[in-house]
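As a plain string of letters, each chain reads:
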Amino acid sequence: MFAAQFRFSTCKDVAMMIVGSFCAVLHGSAQPLMLLVFGLLTDTFIEYDIELTELRDDRKECVNNTIRWKRNYTIIQDPTHGCVLTFRILDIEHEMTMFAFYYVGIGVSVFLLGYLQISLWVTAAARQIQLIRKMYFSKVMRMEIGWFDCTSVGELNTRMSDDINKINDAIADQVAIFVQRFTTFVCGFCIGFVKGWKLTLVIIAVSPLIGVGAGLMFVAKLTGMELQAYAKAGAVADEVLSSIRTVAAFGGEKKEVDRYDRNLVSAQRWGIRKGMIMGFFTGYMWLIIFLCYALAFWYGSTLVIDTEEYTPGTLLQVFFGVLVAAMNLGQASPCLESFAAGRGAATIIFETIDREPEIDCLSEAGYKLDRVKGDIEFHNVTFHYPSRPEVKILDQLSVAVKSGETTAFVGPSGAGKSTAIQLIQRFYDPKEGMVTLDGHDIKGLNIQWLRSLIGIVEQEPVLFATTIAENIRYGRPGVSMADIITAAKEANAYNFIMDLPQKFDTLVGEGGGQMSGGQKQRIAIARALVRNPRILLLDMATSALDNESEAIVQEALDKVRMGRTTISIAHRLSTIKNADVIVGFERGQAVERGKHNELLERKGVYFTLVTLQSQGDKALNEKGGEPEPERLNLSRAGSYRASLRASIRQRSRSQLSNLIPDSSKSTPEEEEEELVEPAPVARILKYNAPEWPYMVFGSLGAAVNGGVNPVYSLLFSQILATFSVTDPDAQRREINGICVFFVMVGVVSFFTQMLQGYAFAKSGELLTRRLRRIGFQAMLGQEIGWFDDHRNSPGALTTRLATDASQVQGATGSQIGMIVNSLTNIGVAVIMSFYFSWKLTLLILCFLPFIALSGGFQAKMLTGFAKQDKQAMESAGQISGEALNNIRTIAGLGKERSFVEMYEAHLTAPYQAALKKANVYGACYGFAQCVVFLTNAASFRFGGYLVEQEGLHFSLVFRVISAIVTSGTALGRASSYTPDYAKAKISAARFFQLLDRVPSISVYSNRGEKWDNFQGNLDFIECKFTYPTRPDIQVLNGLNVSVKPGQTLAFVGSSGCGKSTSVQLLERFYDPDHGKVLIDGHESTRVNVPFLRSKIGIVSQEPVLFDCSIAENIKYGDNLREIGMNEIISAAKKAQLHDFVMSLPEKYDTNVGSQGSQLSRGQKQRIAIARAIIRDPKILLLDEATSALDTESEKTVQEALDKAREGRTCIVIAHRLSTIQNSDIIAVMSRGFVIEKGTHDQLMALNGAYYKLVTTGAPIS
């Protein structure tokens, strides 16, 4: 399975990978080799030292020595002088020079091998990845449109970037590093067994304890227990944020924050427990390691001294051999993770590469007709979209479109008009029946040829981010400039293009963002015309335009329709009237066809469309406003286009979101959102200030832990020193003493690690809890408009609370611990080294920066060069993003191939970058690996000099070298733990951004007017309003209406005319853009928000209940006071709810389930009414309170409402006439203002819109 990732490798790649692996194997054996040299070197030092001690004895032994040794030995001329001055038994400097050369040799070869292994593997991977990218993109571009419906664009984009990068990680340097580490592991054990199997076996016997510790620690890390523990609080947050309007309406913010905070306790407990466990296991690991040292040295020393099986050098070789092997095995395991990830990604990518598209747009198959007349016919076509198989869009549709005629398709949204057009383009194949062109089933025709006959102009034309001329040229390849100009003239676009400074070379911007709607539309028409199509499809081509541009575009369309088969979908009468044939669609069938006048007489689908529309137009003209673009009640709410756009909006939170014209308005904020300045640490610490005692204790623990490394090197060199002691008893005593010392250090570090873990976990978790609470409170304090932004959807906000808050603690406790630890480590090591030998220390300190750097380098290497790759891929990503988002347009124009070519051209830059990276990366890696060897060479050579010339004891050489080298690598490792830190600062910044945001309608402030005798007098004066997330759609357009205290006002009108919006303005979820809302003569924007909301009770169409008992849900109505059971019961009686509750086994303590799922709709509705009554509001808002109920429950609920309305100002929004008839004022709304108002009888007498609604009995929707 692992080999499958290399499917796309050429012979050259394979050769590179083989050579690279060979180098990695050699490199892996370098570290064990160095141990052999190290062992010999130790022996030399010890031998020299023993001779010195021997020679310090009296002369006789010197003479005996003559007999014993046969090398570089001089006879003493002057027996009276001290032997020390004249004897040089071993030429230690000469020996050390030899060893230095060994070290340098190994170092240089390690550099070369490291460079080769990395650069070869990375290069090979880069070549394969480039191939995979090309294959993948070209395959995706060939997929049928149905496949894109089921696969979101955002997902494809992440696949193209992240998944392919994952494969890259799995087949590049990681393999080489794995091979190298694994070799080291094998060689280390080999050395251990060959040189000394007894000691090796003893060490191996203990190693499972370390393994168990490491394994358990890993498990402790992985268990997402604290996430599960947070889940409860997260569920609360999610529930509250999803029903934010209810929470705001009933003023439940403070209550919810407390409820959330109560649920955070368990998460906090788990976090602290996790810190303890991690601390415990880290401590346990250190303890075991030190016990291991003690055991190994104790047993090893018996083998050296008592049985003389080993030399001290062998002891070190064996011990370090096994140690190095174990460490490398541990370091090799992360590579396995990236292999697994790569394998997972590869399966997904290769699955797509191997998939055969159902409609292959690039295939050569299918025939091309010589002459095309242009007759299109649907024969009993049944169809559903692959992404929604349960919804039948077309149902046995049969329509004939004659050549040369203009046929208009009309009908309500979702009737299948656009779908029919897509079937003509063969974006989909029908499930049953067939579509024919001149009698040929289009399945048998060549796709590219078929699409080249068709010109299409859509409602929202897609332009590509290039010049106007290029955009028109997309219509037909190789078209001359003259043709482009003719097409532009025909499309009424020529004049406006020539007015632009750069004429045809003007860039249209991303998605055509620089052009107005009318201009885009005309460029799209020119693009369709340049193809000189036989068939012209106009899908709502003018619906998104204002009147003026509409007239121009319409004129252009009328010009070009002549002599072509034209199908036009439209909602405006002006566009349809002059069509040759009008076909009325309903529920996926063509129900009527004929001319304008014939259809009006039939009084069918067409008739209703026409009457409704003329009604609205009349009203508008009386008002003298110009009509808004978002036309008719039949705007395409249910159609596939809207759902498509919604799904696109959801999909692409990726970097490509700005490629969709729809979201082009929100891109500037989008960018800001991502790029936050990391927060200053001081501010984070301020939030953590109350925990300072924990932090002090934690830092103490960390300081002790930092001192452990240098102490280890002290003990280690002390052991070596004992081997040169000649008196066996003294030797034994020292060795035992040192082993006991090892055990003590282990025990101490066990406790300090636990202390550090616990203290920092405690401070961190308290901080997390505090931040979550503050953050949640800040979220609930934002105005409702803020929640409409899709970036602040409940899901996004809950994840922010879950992850951002917990990441922030990475910048405080653990980070401080890390810093203290490294500082004490280095500090102790350096002071100790200077104390023992300042000269040697100075020499090694020169190398220290490099060692630390190499540690940091390796950490960097492991995280890889992902960032640079991402930037290099950006331009290619833009092309792929543009292509995938506009796949329908590209397919319609038959431009798949040119996009694939463009994408491949853009891949060369990242590929070149990857090759360059391979070399740089290889060199860095080689350098990082060889630094230690070179340091050792220099320091041992100089150490030899000092031992000989200045009588330094050899154990001090080892002491200084190991102290500084270990602390250096520790420093490097510490610097690699900073990514958490950077992440934490960014998370904190995002958090502070939220805390610092000042909501435009503040819930928590006490500012604003309050007054005592609240009457409930309401006036809307000239209110205009657009939702902040959709600034282009005017919802209220000068609303004027007023209600006296105690009156009932009913709003009726089609959906989207602003009924609910007016209620939301009253609740102050939003404030009007122009005009004002007066409450008892006070302007709503000046009134205190909690005060105003406390006077209003609301019952909405889908009441939101919280996941608690019925009694608690009713109590929610008034969060400012404690409510007794009697009050609850009386409210429930008023709401006709009491009897039903008493019949439940747990009565008022029955849990309603999440979102009230345990209850029926009527029951939920009555609870909501009881909740509104218990507030005892002066104003009652009923937003479609009964529309979702069946007749029986409706009666009950209606009675309850009528009771509740007594003596209160009431606003009712309803669709059923029975609900409205007895209101004091009925206001009929259309397009954001009132067209008629009065009582039921007055309005009936008017004979206007209301009369029509009542008489036709049509539901008002």
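Residues numbered from 1 in each chain as written. Predicted model: local features only at pLDDT ≥ 70, side-chain atom pairs only at ≥ 80, totals over all residues. Heavy atoms only, no water.

## Examining the overall build of the protein
What counts here: A run of H or I in DSSP counts as a helix once it spans at least four residues, and a run of E counts as a strand once it spans at least two, with each numbered from the N terminus. Note on exposure labels: buried denotes an accessible area under 20% of the residue type's maximum, exposed denotes more than 50%, and partly exposed covers the range between, all computed with a 1.4 Å probe on protein chains only. Whether two residues are in contact is decided by their heavy atoms, any of which lying within 4.5 Å being enough. Methods summary: accessible areas were calculated by the Shrake-Rupley approach with a probe of 1.4 Å, and residue burial reflects only the protein chains presented.
Looking only at helices and strands, one finds 48 helices and 20 strands in the protein. Buried positions account for 54% of the 1261 residues belonging to the protein. The long-range share in the protein, meaning contacts at least 24 apart out of those at least 6 apart in sequence, stands at 81%. Accessible area for the protein stands at about 53200 Å²; split by element, carbon and sulfur atoms hold 58% of it.

## Section: the sheet that holds strand 1 (residues 376–383)
We count it as follows: When DSSP finds two or more bridges between two strands, those strands count as paired. Axis definition: a line fit to C-alpha positions, over the contact stretch in the case of helices; interaxial angles, taken between N-to-C directions, run 0 to 180 degrees.
The strand order across the open sheet built from four strands is 2-1-4-5, with neighbouring strands paired in antiparallel fashion. The outermost strands of the open sheet, each flanked by one partner alone, are strand 2 (394–401) and strand 5 (440–441). Bridge count between strand 4 (residues 432–437) and strand 5: two bridges; the pairing is antiparallel. Directly across from T436, in strand 5, lies its bridge partner D441. Across the sheet, helix 14 (residues 417–424) is in contact with strand 1, strand 2 and strand 4; its angle to strand 1 comes to roughly 115°.

## Observations regarding the packing of aromatic side chains
Note the threshold: Between rings of Phe, Tyr and Trp, where Trp is taken as its six-membered ring, a pair exists when centres lie within 6.5 Å; planes separated by under 30 degrees are stacked, by over 60 edge-to-face, and by other angles tilted. Lysine and arginine charges are scored as sitting over a ring when NZ or CZ, respectively, is within 6 Å of the ring centre and within 35 degrees of the ring normal.
Going through the model one piece at a time under the given rule, you end up with 45 aromatic pairs. Seen in terms of ring centroids, F1025 and Y1027 are 5.1 Å apart; in terms of plane orientation they differ by 80°. Their pairing is edge-to-face. Considered together, F1025 and Y1027 belong to a single accessibility category, that of buried residues. One residue, R959, lies across the ring of F836, its end atom 4.7 Å from the ring centre.

## Description of a nonpolar patch on the surface
Which entries qualify depends on this criterion: For patch building, the residue pool is restricted to those with more than 30% relative accessible area and no salt bridge; the joining distance is 9 Å between like charges and 5 Å between nonpolar side chains (Val, Leu, Ile, Met, Phe, Trp, Tyr). In the sections that follow, a salt bridge refers to a side-chain nitrogen of Lys or Arg positioned within 4 Å of a carboxyl oxygen of Asp or Glu.
Together, V104, V108, F111, L112 and L934 give the surface a local cluster of nonpolar side chains, amounting to about 360 Å² of exposed area. Broken down by element, the residue count for the nonpolar patch peaks at four residues, all from helix 5 (residues 92–142). Its location among the elements puts L112 in helix 5. Taking relative accessible area as the criterion, L112 reaches 47% and is therefore assigned partly exposed.

## Remarks on the UniProt feature "transmembrane region" (unreviewed entry) in the protein
Under the convention used in this document: UniProt positions are given in the numbering used here, feature names are shortened, and annotations may be inferred rather than shown by experiment.
Per the UniProt entry, the sites bearing "transmembrane region" (unreviewed entry) are residues 100–126, 175–194, 200–220, 277–298, 692–715, 735–761, 816–836 and 842–863 in this numbering. For residues 175–194, the end-to-end C-alpha separation is 28 Å, with 100% helix and 0% strand making up the annotated structure. Secondary structure across residues 816–836 divides into 100% helix and 0% strand, with the first and last C-alpha atoms of the span separated by 30 Å.

## Description of the pairing of strand 19 (residues 1225–1230)
In terms of residue burial, strand 19 counts as a mostly covered element, since six of its six residues are buried. Residues I1225, A1227 and M1229 of strand 19 are buried on one face, and the alternating residues I1226, V1228 and S1230, pointing to the opposite face, are buried as well. Bridge count between strand 13 (residues 1048–1053) and strand 19: five bridges; the pairing is parallel. Along strand 19, the bridge assignment pairs L1049 with I1225. As defined by bridge partners, strand 19 adjoins strand 20 (residues 1233–1238) across five bridges and the pair is classed as antiparallel.

## Regarding the pattern of salt bridges
Applying the stated criterion across every chain yields a total of 19 salt bridges. Residue R773 is joined to D258 by a salt bridge in which the shortest nitrogen-to-oxygen separation is 3.6 Å. Taken together, the positions of R773 in helix 28 (residues 728–780) and D258 in helix 12 (residues 253–305) put the pair 515 residues apart, joining distant regions of the chain. With a relative accessible area of 28%, R773 lands in the partly exposed category.

## As for the side chain of T42
To keep it simple, the criterion reads: Distance and chemistry together define a polar contact, namely a pair of N or O atoms within 3.5 Å, with one atom able to donate a hydrogen and the other to accept it when in protein, and with adjacent residues in sequence counting only for side-chain atoms on both sides.
Tracing the sequence through the fold places T42 in helix 2 (residues 30–56). Within the local environment of T42, its side chain forms a polar contact with the backbone oxygen of F38, the two atoms lying 2.6 Å apart. Residue contacts for T42: discarding those within four places in its chain leaves G313, L316, L720 and F958.

## What to know about helix 31 (residues 813–836)
Note the following rule: A helix is expected to span 1.5 Å multiplied by its residue count minus one.
Helix length check: helix 31, at 24 residues, gives a terminal C-alpha distance of 35 Å against a target of 34 Å (1.5 Å per residue), a fit within 8%. Buried within helix 31 are the following residues: G813, Q815, G817, N821, S822, N825, I826, A829, V830, M832 and S833.

## Describing helix 1 (residues 11–28)
Because an α-helix packs 3.6 residues into every turn, residues spaced three or four apart end up facing the same way. This is how it is decided: The arc under discussion is defined with respect to the helix axis, by the directions toward the C-beta atoms.
End to end, helix 1 covers 26 Å across 18 residues, agreeing with the expected 26 Å (1.5 Å per residue, within 8%). Every buried residue of helix 1 is listed here: D13, M16, M17, G20, S21, C23, A24, H27 and G28. All buried residues of helix 1 project into a common sector of 165° when viewed along the axis, lining one side. For helix 1, the exposed residues lying more than 90 degrees away from the buried face are C11, I18 and F22. For helix 1, the secondary structure elements touched by its buried residues are helix 2, helix 5, helix 8 (173–195) and helix 36 (896–950).

## Regarding the packing of helix 7 (residues 153–171) against helix 13 (residues 312–354)
Counted only if it meets this: The labels follow the angle: roughly parallel below 35 degrees, roughly antiparallel above 145, roughly perpendicular from 65 to 115, and oblique for the rest. Left-handed describes a crossing whose near helix is turned anticlockwise from the far helix through less than a right angle; right-handed describes the clockwise counterpart. Each residue gets one of three labels, nonpolar for Ala, Val, Leu, Ile, Met, Phe, Trp, Tyr, Cys and Pro, charged for Asp, Glu, Lys and Arg, and polar for the others, Gly among them.
Running from N to C, helix 7 and helix 13 point in directions that differ by 130°, and their axes come no closer than 7 Å. Classified by the interaxial angle, the pair formed by helix 7 and helix 13 is oblique. When the axes of helix 7 and helix 13 are compared, the crossing they make is left-handed. For the pair formed by helix 7 and helix 13, the contact residues are R159, D163, I164, K166, I167, D169 and A170 on the first element and S338, F339, A341, G342, A345, A346, I348, I349 and T352 on the second. A per-class count over the contact of helix 7 with helix 13 returns nine nonpolar, three polar and four charged.

## Things to note about the nonpolar core
Test applied: Grouping buried Ala, Val, Leu, Ile, Met, Phe, Trp, Tyr and Cys residues that are joined through side-chain atoms within 4.5 Å yields what is termed a nonpolar core.
Among the nonpolar cores identified, the biggest contains 92 residues, and I132, M141, F378 and L437 are the most heavily contacted of them. Not counting chain neighbours up to four residues away, the residues in contact with M141 comprise C361, A883, L884, I887, I890, E896, F899 and V900. Ranked by size, the runner-up nonpolar core spans 73 residues in total, among them V236, A778, V1087 and I1098.

## Considerations on the side chain of R1068
Structurally, R1068 can be placed in the loop between helix 39 (1059–1066) and strand 14 (1074–1079). Note on R1068: relative accessible area 5%, which makes it buried. Reaching out from R1068, the side chain makes a polar contact with the backbone oxygen of T1085 at a distance of 3.5 Å. Excluding its chain neighbours within four sequence positions, the residues that come into contact with R1068 are I1001, S1084, T1085, V1087, V1089, L1092 and R1093.

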